[in-house]
Amino acid sequence: MKKEVTIYPRIIERIEDWPIYRLSKDRAEFIREIDEFTFKRLVSRHRKDLSDVIVKTMYNERIRIKEDPWKVDPPNERQFWNRISKKLIKKSLDRDDPQAKAVAEDILHKIIHRYSEEIVGTFQIPTFRFAQRFLTAFFNRIFNAAVGKSLRSIWRGRRHLYERLNVMGDVETVRQLFQHGTVIVVPTHSSNLDSILVGYALDQILGMPSFSYGAGLNLYNFGPAAYFMNRLGAYRVDRRKKNPVYLETLKVMSNLSIQRGVNTLFFPGGTRSRSGELERDLKMGLLGTAVEAQRAMCQQHMKEKVFIVPLVLCYNSVLEAPFLIEQHLRSTGKENYIRLRDEGKSVRGWLRFIWRFFSTTSDITLSIGKPMDVLGNMVNAEGRSFDRFGNELDVQEYFTARNEVNEDRQREEEYTKLLAERIVDRYHIENVVLSSHLIAFAVFEMLLHENPKLDLFGILRLPPDDYLFPFHAVTEVVEQMQARLFQWEEQGKIRLAPEIHRTAEDIVRDGVKNLGIFHTDKPLILTKEGHIASTNFRVLYFYHNRLQNYDLQKAVQWKIAEIEVLKVD
């Protein structure tokens, strides 16, 4: 039986009217704006040490070229930086006269322009339409083959990718906000599959115009990917470049893009969650550009606003979980863990993930969070802001001092921190508890309770073969946690998947099944005797962490005799 999925009409019917297309048509002027804005900002902030900033940039770039070259790098990289170096040494370095200053500024202009040309992408309508048709057909064909367990099913099936995606939240409110300003979607990040699934859902299910998004420059090493991303609105991000000129150019690009009304998507956590937890520490760089853009729009007396929409991606099982948790444990515990290959980064691993995703019955949930302004205040469908008491607010007042809107870097940094805190709060509220999350949390907490004298790394060194978790004991723990989750759901503190409203026995069976989808070493299995066991405590810990920081274990009365763990002799 096919699942009923609501497919929304296009918010903006004509692609020619999409902000991202209009920006692409004006690319040359946009790059000129970036160059000028970045130059003025760097000169004003580094009046006394501009040459030092250029030297640091030049040094870092020459090290990058020597030690970490990529196929996608321009062929004239070495020559460009050699010319910059010679010009700087000959005419500017260690001098303080007007001519030396002019030379340094000319060099800065050249570096900024090189970066902005590299960063800014394009959006080609023919490429977008082809990619839309091709990817939809490709995934649907794979879906039908996987569901039918045979490649011959490719041509017979009529099922669609969107049947695997559960979209929750106040979608209509978010859709209406496109009429009142710029929408910035900030998802959680668990898997390399996130970008394509979010992009597909926003386009094919929710009918939203295309978003600008950052794509790692390393992805452009693969020719076909580079061709499409270069023409589908992606801006290029080179994470090797940490120098202040590059980072400022990137932030200015984001700021000016938002001011032009280009809807944007970025992962504020910066990378996939290694621990399996919901993000708690967000990167301030791109979030800060949203705050700065809103202030600039107020200065220009624009009525439009910037809206922040948290989005929580909820997987029953994550392909890269073993690799991610190994990275997390090695970085936090400084233990000599065996380095695992990240399957999610290889083309073969990615295709294997797609096949497994389609060939199982495990859905993925996208929880659309309540939209906010850049101060973290809730907004309604008309874009009006309200505080927690329901009082309407004027965002412009937050940027006003002495009766005028002005720039205040320290104030805007504080607003950015506040926004990050509000996004993290919403992640925990909009999170959807799946059966796999609950069963993993319950069993791992039972293991912790059984070994109170061991720290985490002691727990993870325990041999899984020595432990059995009686089905009735696990069910008892799940049932008590389930009762607490019902209370939180009623209070609007968390979201629950439909299966969490079933019996505890059903939740346990469903959760064990879903956790075993992608992994050779199963986090949980059901034994022939009806007990629950694990073959990998570390991966189980990864899934347990999804409900970390809720203190859900406090809902359990651990002294009840039936809650026990069996040790195998």
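Our structure's up above, just so we're on the same page.
Residues numbered from 1 in each chain as written. Predicted model: local features only at pLDDT ≥ 70, side-chain atom pairs only at ≥ 80, totals over all residues. Heavy atoms only, no water.

A.B. asks: Please explain the packing of aromatic side chains as it appears in this structure.
C.D. replies: Each aromatic ring pair is summarised here by two numbers: the centre-to-centre distance and the angle between the ring planes. On inspection of all chains with the given rule, the structure shows 13 aromatic pairs. Ring geometry for F399 against Y415: centres 5.7 Å apart, planes inclined by 90°, an arrangement best described as edge-to-face. Note that F399 is positioned in the loop between β10 (392–393) and β11 (400–401) and Y415 in helix α14 (residues 409–430), a separation of 16 residues in sequence. Assigned by exposure class, F399 and Y415 land together as buried. Measuring from centroid to centroid gives 5.2 Å for F542 and Y543, while their planes differ by 90°, and the two rings are edge-to-face. As far as burial versus exposure is concerned, F542 and Y543 are alike and both buried. Cation over ring: R114 sits above F80, and NZ or CZ is 4.3 Å from the ring centre. (Phe/Tyr/Trp six-rings, centres within 6.5 Å; stacked < 30°, edge-to-face > 60°. Helix = DSSP H or I, 4+ residues; strand = E, 2+ residues; numbered from the N terminus. Buried < 20%, exposed > 50% of the residue type's maximum accessible area, 1.4 Å probe, protein only. Lys NZ or Arg CZ within 6 Å of the ring centre and 35° of its normal.)

A.B. asks: Got a minute to help me understand helix α8 (residues 194–205) in this structure?
C.D. replies: For an α-helix the count is 3.6 residues per turn, leaving residues at separations of three or four pointing the same way. End to end, α8 covers 15 Å across 12 residues, agreeing with the expected 16 Å (1.5 Å per residue, within 8%). Among all positions in α8, only D194, L197, V198, Y200, A201, L202, D203 and I205 are buried. Trailing α8 by a residue or two, G207 shows a phi angle of about 65°, which is positive. (Expected span 1.5 Å × (residues − 1).)

A.B. asks: Just to check I follow, could you spell out the nonpolar core for this structure?
C.D. replies: Soluble globular proteins tend to bury their nonpolar side chains together. Counting 155 residues, the largest nonpolar core has L438 and I439 as its most contacted members. When residues no more than four places from it in sequence are discounted, the contact partners of L438 are V433, V478, M481, L485, I500, I507, L547 and L552. One finds L217, Y220, M229 and A234 within the second-largest nonpolar core, a separate group that totals five residues. (Core = buried A, V, L, I, M, F, W, Y, C linked by side-chain atoms within 4.5 Å. Contact = heavy atoms within 4.5 Å.)

A.B. asks: What is the right way to look at a positive patch on the surface in this model?
C.D. replies: On the surface, a cluster of positive charge is made up of R62, K66, R78 and K86. Those elements giving two or more residues to the positive patch turn out to be α3 (50–67) and α4 (77–91). Within the secondary structure, K86 sits in helix α4. (Patch = residues over 30% accessible without salt bridge, like charges linked within 9 Å, V, L, I, M, F, W, Y side chains within 5 Å. Areas by Shrake-Rupley, 256 points an atom, 1.4 Å probe, with all protein chains shown as cover. Salt bridge = Lys/Arg side-chain N within 4 Å of Asp/Glu carboxyl O. Lys, Arg positive; Asp, Glu negative; His and termini not counted. Charge placed at Lys NZ, Arg CZ, Asp CG, Glu CD.)

A.B. asks: Could you clarify how one ought to interpret the pairing of strand β6 (residues 305–315) in this entry?
C.D. replies: One face of the sheet, then the other: side chains in a regular strand alternate in exactly this way. Taking burial as the measure, the 11 residues of β6 include 11 buried ones, the bulk of the element. Along β6, one buried face is formed by K305, F307, V309, L311, L313 and Y315 and the opposite face, lined by V306, I308, P310, V312 and C314, is buried too. Two elements, strand β2 (residues 181–187) and β6, share seven bridges in a ladder whose sense is parallel. Among the inter-strand pairings, V185 is bridged to a residue of β6, identified as V309. As paired strands, β6 and strand β7 (residues 364–368) are joined by five bridges and run antiparallel to one another. What sits directly across from Y315, in β7, is I364. (Pairing = 2+ DSSP bridges.)

A.B. asks: Before we go on, may I ask you to explain the packing of helix α17 (residues 471–490) against helix α18 (residues 504–515) in this structure?
C.D. replies: Two numbers describe a pair of packed helices, the interaxial angle and the distance between the axes. Running from amino to carboxyl end, α17 crosses α18 at an angle of 110°, the nearest separation of the two axes being 9 Å. For the element pair α17 / α18, the angle class is roughly perpendicular. Taking contact as the criterion, the partners of F471, V474, T475, V478, E479 and Q482 in α17 are, on α18, A504, E505, I507, V508 and R509. In terms of residue class, the contact of α17 with α18 is built from six nonpolar, two polar and three charged. (Axes fitted to C-alpha atoms, helices over the stretch in contact; angles between N-to-C directions. Parallel < 35°, antiparallel > 145°, perpendicular 65-115°, else oblique. Nonpolar A, V, L, I, M, F, W, Y, C, P; charged D, E, K, R; others polar.)

A.B. asks: Would you take a moment to explain the environment of N536 for this structure?
C.D. replies: Locating N536 in the fold gives a position in the loop between β17 (532–533) and α19 (537–544). For the pair N536 and P523, spaced 13 residues apart in the sequence, the C-alpha separation amounts to 5.2 Å. Apart from residues lying up to four places away in sequence, N536 is in contact with P464, D521, K522 and P523. A polar contact of 3.0 Å, which involves the side chain of N536, links it to the backbone nitrogen of R538. At 3.0 Å, the side chain of N536 forms a polar contact with the backbone nitrogen of V539. (Polar contact = N/O pair within 3.5 Å; in protein donor to acceptor, adjacent residues only side chain to side chain.)

A.B. asks: Help me out: how do you make sense of the side chain of T38 in this one?
C.D. replies: In this structure, T38 sits in helix α2 (residues 27–45). The buried category is assigned to T38, whose relative accessible area is 0%. Within the structure, T38 has its side chain in polar contact with the backbone oxygen of I34 (distance 2.7 Å). Once residues within four sequence positions are removed from consideration, T38 is found in contact with I112, E248, T249 and V252.

A.B. asks: Whenever I open this one, the environment of R45 confuses me. Can you help?
C.D. replies: Examined against the element boundaries, R45 turns out to sit in helix α2. Residue classification places R45 among the partly exposed residues on the basis of a relative accessible area of 31%. A polar atom in the side chain of R45 sits 3.3 Å from the side chain of E248.

A.B. asks: Looking at this structure, I do not really get unusual backbone geometry. What am I missing?
C.D. replies: The phi torsion of most residues other than glycine is negative, and most of the peptide bonds are trans. One non-glycine residue, H301, adopts positive backbone phi at about 60°. Counting through the fold element by element, H301 comes out in the loop between α11 (284–299) and β6. Its relative accessible area of 68% is what places H301 among the exposed residues. Located in the positive-phi region is N549, a residue other than glycine, with phi close to 75°. On the secondary structure map, N549 appears in the loop between α19 and β18 (566–567).

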